[in-house]
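# Analysis of the macromolecular model
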Amino acid sequence: MTVRRPHRRVDLTADPRFNSNAFDAAALFGSQCAVSSQALDTTGLVAGMFDYLGLEELIDTYIGKAGSHVKVNCGAVTKALVMQLLSVPYQTLSGTVEFYKRRPLCALLNQDIMPEDLNRHVLSRYLDEVYELGAEKLFVLCARKAARKLDLKISEAHIDSTSFHYDGSEKDEEECSLRIAAGYSRDHRPDLPQVISLMISDGGSKLPLYQRAVSGNTHDNKSFWETLTQAWPLIIEQFKDLKYLVGDSALYSEENFIKAYENNIKIVTRVPDGTNLAKKCFAQALNAAGAMTDINPEAPDGVKCMWCEDAVVGGQNIRLLLIDNRNLKEQKTAAVQRRAQKEYEKLTQKLKKLSTDPCQCRKDAEKAVEKLLKSCKLCVLSGIGYEEVYKHTSRGRPRKGEPAPTVLACVKVTGKVMINENAVKAAIAQETLYLIATNDTKREWTPAELLGTYKRQSVIERHWRLLKDPTLFLDALYLKTPHRITALLWVMSTALLVYSCLEYRVRRVMASKQLTIPDPEHKKEQNQPTLKRLFKYMENNNLSLNYVALTGRLHVSGLTQPLMQLLAALGIEIAKYYSPLQYEPYLDPDSGQDF
């Protein structure tokens, strides 16, 4: 139906039906009982994928119901929470009952369950059950089942972590290893305590394989080592083809290389720029510019590389590949210049303070200047001078012909701060360089293969962006106990697992069937959209389930031709949730409002 512009202005205040206190509500708002509607949006798509992966049966096998008096099983609770988390726009888990008030919950869960059955007491006991079983073990089992269902061979995994700030005080529990504490904040909220979520994901399919909640004050070096020490046997038991573990510079340490050797793991990681090994390779590249070759010969202005001399870390030989990504030069130039300007302002302020709030003696002033000189990286101090200020030792005018007795009162420091252009140029040249290391020395690596393996680390960083996207997931935690926060992070990661599986399957189906959906401006067609774009497209079409009282029939509105083709191609497990036949058994013929 299209609402067109009227030929004349409509003034309802002039209508006698609406100019009194007892106006005709039915005439103004229309008949509200003729059609009842419940939202479907993306919940049907997520519910179908959850069924397709068989996660509800798996979770029920290990947990079941959180108490004999609870009506809903834990697998169904997980399914409901995952549908809610992945629903756009942003939803909070505190509003689960309200969220499902206008959605056909019974049919989505294929059970006689009402929204009130998902109250906060049920959800709290559910989180307790998840924690008692072991969130890490349960997630790995879910990931294995999903990978087998999608027929994926996992050979390369990527490890990383992120933080979630907590709106409360620091907390810990005696029987829970998770501690809510202050630490390095990736949320840019150092004023709040936090927890850390560590994740391992497949590099090809982007599926999360392992998730673990870590205390907020734990460094990545330690949490990565603990994962290699404690969790790797569980991971490798479920994913027997897994061979490579890829990580950023936090994975680089002698302890991790030793543990990787003991567990027969091949590591690909970035060497921290501050290590002597990295500095040696950087200097070698800067002094021999012609030694760098193109990764891609067809793009001579792109990424360049150079094999460096093998090194020994943790008793193992490692291969080193130096990368010069000149495509980042403009971006790195801006970043270095910002750092130089920030350093300039900071040094100028400190130097000014040595003049307005001077030192008591020359020795203290020289120590202060020496400290400033050591902090100079992109700036230099010039024209440093020491002005000694004296004061009279006694009051009154001195005797005629005698000098006034004085004593040193303070020493002012004067000088000038300048940005060191040569240091800035050298920093820019080094910023585009980074060093990749691997302990797989037997493989005949090409530079493109090793670089491609490392760059797939971006898949897990994409997961973090999704988890912190307020339109899809949560960006902060509000629970009060660490063990429930551990379970909540498991729920969020399980939702991410379903999201990744659904995106993988949607893209494969669209490619094989040559299907498309329009772009946001409806000018072009997209054949490999992100799942977020597909969700937005479905939301904008207002997919809903409608019951017409006069005919007693159900129908789904908002289904466009591209959506119907895609749902049909995805299979009956998903398509059924957008068919009236799925909801007819749950229809209450008296009210027409309960599905």
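Please refer to the structure higher up on the page.
What counts as what
Residues numbered from 1 in each chain as written. Predicted model: local features only at pLDDT ≥ 70, side-chain atom pairs only at ≥ 80, totals over all residues. Heavy atoms only, no water. Salt bridge = Lys/Arg side-chain N within 4 Å of Asp/Glu carboxyl O. Helix = DSSP H or I, 4+ residues; strand = E, 2+ residues; numbered from the N terminus. Buried < 20%, exposed > 50% of the residue type's maximum accessible area, 1.4 Å probe, protein only. Core = buried A, V, L, I, M, F, W, Y, C linked by side-chain atoms within 4.5 Å. Contact = heavy atoms within 4.5 Å. Pairing = 2+ DSSP bridges. 1 Å grid on protein atoms, 1.4 Å probe; cavity = no way out; pocket = protein on both sides within 12 Å on 5 of 7 lines; lining within 4 Å. Points joined across faces, edges and corners; volume = space filled by probe spheres on them. Nonpolar A, V, L, I, M, F, W, Y, C, P; charged D, E, K, R; others polar. Phe/Tyr/Trp six-rings, centres within 6.5 Å; stacked < 30°, edge-to-face > 60°.

## So, the pattern of salt bridges
Counting across every chain of the model gives 17 salt bridges. The partner of Glu262 in a salt bridge is Lys259, with the nearest N and O atoms 3.0 Å apart. A residue pair is termed a helical-turn pair when its members lie 3 or 4 positions apart in one helix, as Glu262 and Lys259 do in helix H10 (residues 254-262) at three residues. Lys259 gets classed as buried once you look at its relative accessible area, which sits at 18%. Salt-bridge contacts for Lys536 lead to Glu539; the nearest nitrogen and oxygen are separated by 3.3 Å. Of this pair, Lys536 and Glu539 both sit in helix H18 (residues 531-540), three residues apart, which is roughly one turn of the helix. Residue classification places Lys536 among the partly exposed positions, given a relative accessible area of 41%. Taking the relative accessible area as the measure of exposure, Glu539 reaches 23% and is therefore partly exposed. The network of salt bridges with shared partners includes Glu136, Arg212 and Glu226.

## Looking at the nonpolar core
Leu45 and Trp490 are the most contacted members of the largest nonpolar core, which has 138 residues in total. Sort the elements by how many residues they give to this core and helix H17 (residues 482-513) lands first, with 17 residues. Residue contacts for Trp490: discarding those within four places in its chain leaves Ile59, Thr78, Tyr126, Val130, Ala135, Leu138, Phe139, Cys142 and Gln211.

## Quick word on the pairing of strand S5 (residues 194-202)
The element S5 is largely enclosed, with a buried count of nine among its nine residues. The alternating pattern of S5 places Gln194, Ile196, Leu198, Ile200 and Asp202 and Val195, Ser197, Met199 and Ser201 on opposite faces, both of which are buried. Alignment of strand S2 (residues 156-166) against S5, held across nine bridges, turns out to be antiparallel. Each residue of the ladder has a partner; that of His165, found in S5, is Gln194. Counted along the chain from S5 to the antiparallel partner strand S6 (residues 208-215), the turn is five residues long, and its residue Lys206 has a positive phi close to 75 degrees.

## Some points on the environment of Thr96
Mapping Thr96 onto the fold places it in helix H5 (residues 96-99). What makes Thr96 buried here is its relative accessible area of 1%. Expressed as a C-alpha distance, the spacing of Thr96 and Leu85, which sit 11 residues apart in the sequence, is 9.7 Å. Aside from chain neighbours lying at most four places away, what touches Thr96 is Leu81, Gln84, Leu118 and Leu123.

## Things to note about the side chain of Thr227
Along the polypeptide, Thr227 turns up in helix H9 (residues 220-238). Owing to a relative accessible area of 1%, Thr227 belongs among the buried residues under this scheme. With sequence-adjacent residues up to four places away left out, Thr227 is seen in contact with Ile159, Leu198, Ile200, Tyr210, Arg212 and Trp232.

## What about the layout of surface pockets?
Taking a probe equal in size to a water molecule and rolling it over the atoms shows the remaining empty space. There is about 930 Å³ of room inside the largest pocket. If you trace the largest pocket, you find 30 residues lining it, with Arg270, Asp273, Lys332, Glu431 and Tyr454 closest to the centre. Listed by contribution, the elements that provide at least two residues to the lining of the largest pocket are S2, helix H12 (329-356), helix H14 (421-431), strand S14 (433-438), helix H15 (447-455) and helix H16 (458-467). The greatest single-element share of the lining of the largest pocket, amounting to four residues, is contributed by H16. Classifying every residue of the lining of the largest pocket by side-chain character gives eight nonpolar, seven polar and 15 charged.

## A look at the packing of aromatic side chains
The tally for this structure, following the rule as stated, stands at five aromatic pairs. When the centroid spacing of 4.8 Å and the interplanar angle of 85 degrees are considered together, the rings of Phe99 and Tyr100 count as edge-to-face. Classification of Phe99 by relative accessible area gives buried; the value is 4%. Its relative accessible area of 0% is what places Tyr100 among the buried residues. Measuring from centroid to centroid gives 6.1 Å for Tyr434 and Tyr454, while their planes differ by 40 degrees, and the two rings are tilted. Residue Tyr434 is located in strand S14, and its partner Tyr454 is located in helix H15; the two are separated by 20 residues in the primary sequence. Classification of Tyr454 by relative accessible area gives buried; the value is 12%.

## Considering unusual backbone geometry
In this structure, Gln514 is a non-glycine residue whose phi angle is positive, near 55 degrees. For Gln514, the position within the fold is in the loop between H17 and strand S16 (517-518). The phi dihedral of Asn542 falls on the positive side, at around 55 degrees, and the residue is not glycine. Secondary-structure assignment places Asn542 in the loop between H18 and strand S18 (544-548).

These figures capture arrangement, not role.
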